[in-house]
Structures are given as C-alpha cells and as structure tokens.
Amino acid sequence: MKSRPWRIAGRLQLLLPLSLLAAGVHAVGQPTAPDVTVVSNSASVILANGIVSVEIARTSGNLLALHYKGLSILDGPAYLDWHTGGNNHLTDGRFRLVVDPKTNGGEMAEICVAQKYSGRGAAFDVEFHHVLRRGESGLYSFAVFRHPAGYPPAAMGQSRMVFRVQEDLFNFLNVDDQRRHFMPPSDTPFEALGPKES
C-alpha cells in the first residue's frame, strides 16, 4: 500500500489596505517589481520581494518576523500546529530550498522544512512550505502530511497556522456575513463562549 499524503493548503494573504495594488507592473516603459531574494544564515532564512519580507526558522518553519512595506506585522512567531489529541509542532525539521529565485530570474522562492516521524507523537511525516512571488503582498504557506503504510495508526483533528499580530495595526474582524465588526482591544473584559459566538 502506498503512502497517502494529506495536503492542507491555503494562501495566506495579508489583508492590508494596499495589498491589491502590489502586483508588479509589466507594461512597456514601466518598471517591474523587484526580484525575490533569499538570504540564509545558520538559524533562519529571509525571503523578500520589496513588498513583503519574512524571516523563517530553519528547524521549525515558524515565521519569526513578517514585514509589509517595512511595517512589522507579528507580535510573536507564527507557527504550524496540528491536533492529534494534543498540539504538535515542528521542532527538529530539515531545511531545503525547493525553488531558488536565482534559477528563475527572481520570480519566485519556495522553502520547505520537513520533519520525519520519530517514534513519538502522531505518526506523520510533515513538510511545511513557504512560497513568495515577485510583486505579491501575500506569502503562500502550505503543509503536507504523509502517513506511510508501515507507520502506526494515526488521526488528526485539525491543522492550522497560528498568527499573533500587532494589535495597533488590525482593528476589524471579518469571519463571515454574520461576524463582521470592529475588534475590541485585547484588554476588554470577556466571557468565553462557543466558536460561533466567539
């Protein structure tokens, strides 16, 4: 029996006021957007395209810093989390540059942090990918979960990417047509309710 990958994919698009205007201009006589670059050191890698700059930890895939046009967005690291009876995170991943922008004229970079099942926790091999493209204000992130046939049984309740953002930059909450309103400050007294009410 072949291993069956579970793929949880999504585009993380920063919903900032000018994000839709960030595409590169390719009309005749007008400049194109800057190249995507990758700068790496022993602990992290920085992907940048002149609009977005993101620093990513090499062993966890966590976003250590995220800047949009120079503005710092995060109020702490953003991370991948999956629930299998308890929360799981990448802790000892192997870093790989999947797409080097030097090979495509600066159009795109993709990195991956992969962690094999070690015999502890849920029996999944996990890959966490981040992609940055020229002229775009969003970072694409996706996770691939694999459960080879020889692994012990495993189940997953959910997977998510958790962001804690700068409170003074974001003041509006939009979940769906029924849940759209200004976000109260973090020090507002509250009562814990169910997911829909929250």
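For the structure itself, consult the block above.
A brief report on the enclosed structure follows. Counting restarts for each chain: residues are numbered from 1 in the order of the written sequence. Note on the predicted model: pLDDT of at least 70 is required for a residue's local features to be given, and 80 or more for side-chain atom pairs to be given and counted; whole-chain, interface and lining totals, by contrast, use all residues. Remark: hydrogens and water are excluded; side-chain values derive from all non-hydrogen atoms of the structure.

## Looking at the overall build of the protein chain
Strands are runs of DSSP state E lasting at least 2 residues, helices are runs of H or I lasting at least 4, and numbering of each runs from the N terminus. Each helix and strand counted, the protein chain has zero helices and 15 strands in total. Burial classes follow relative accessibility: with a 1.4 Å probe on protein chains only, a residue under 20% of its type's maximum area counts as buried, one over 50% as exposed, and anything between as partly exposed. Buried residues in the protein chain amount to 35% of all 198 residues. Computed with a 1.4 Å probe, the accessible areas rest on the Shrake-Rupley method; for each residue, only the protein chains presented here act as cover. Accessible surface for the protein chain amounts to roughly 12,100 Å². Of this, 55% is attributable to carbon and sulfur atoms.

## Let's talk about the environment of Val-131
You can see Val-131 is positioned in strand β11 (residues 125–133). Val-131 gets classed as buried once you look at its relative accessible area, which sits at 5%. The sequence separation of Val-131 and Met-108 amounts to 23 residues, and the corresponding C-alpha distance is 7.2 Å.

## Section: the pairing of strand β10 (residues 108–115)
β10 sits mainly inside the fold: eight of its eight residues count as buried. Going residue by residue along β10, you find Met-108, Glu-110, Cys-112 and Ala-114 tucked away on one face and Ala-109, Ile-111, Val-113 and Gln-115 tucked away on the opposite face as well. When DSSP finds two or more bridges between two strands, those strands count as paired. Where strand β9 (residues 94–99) lies against β10, five bridges are found, and the strand directions are antiparallel. Considered in β10, the bridge of Val-99 is made with Glu-110. In terms of strand pairing, β10 meets β11 through eight bridges, oriented antiparallel. Directly across from Val-113, in β11, lies its bridge partner Phe-128.

## Remarks on the sheet that holds strand β7 (residues 79–83)
One key point about sheets: their strands pair by backbone hydrogen bonds, in either a parallel or an antiparallel sense. With respect to topology, three strands assemble into an open sheet ordered β8-β7-β13, the strand pairing being antiparallel. Two strands in the sheet have a free side with no partner beyond their single neighbour: β8 (87–88) and β13 (158–162). Here β7 pairs with β13 via five bridges, running antiparallel. Within β13, the residue paired with Asp-81 across the bridge is Arg-160.

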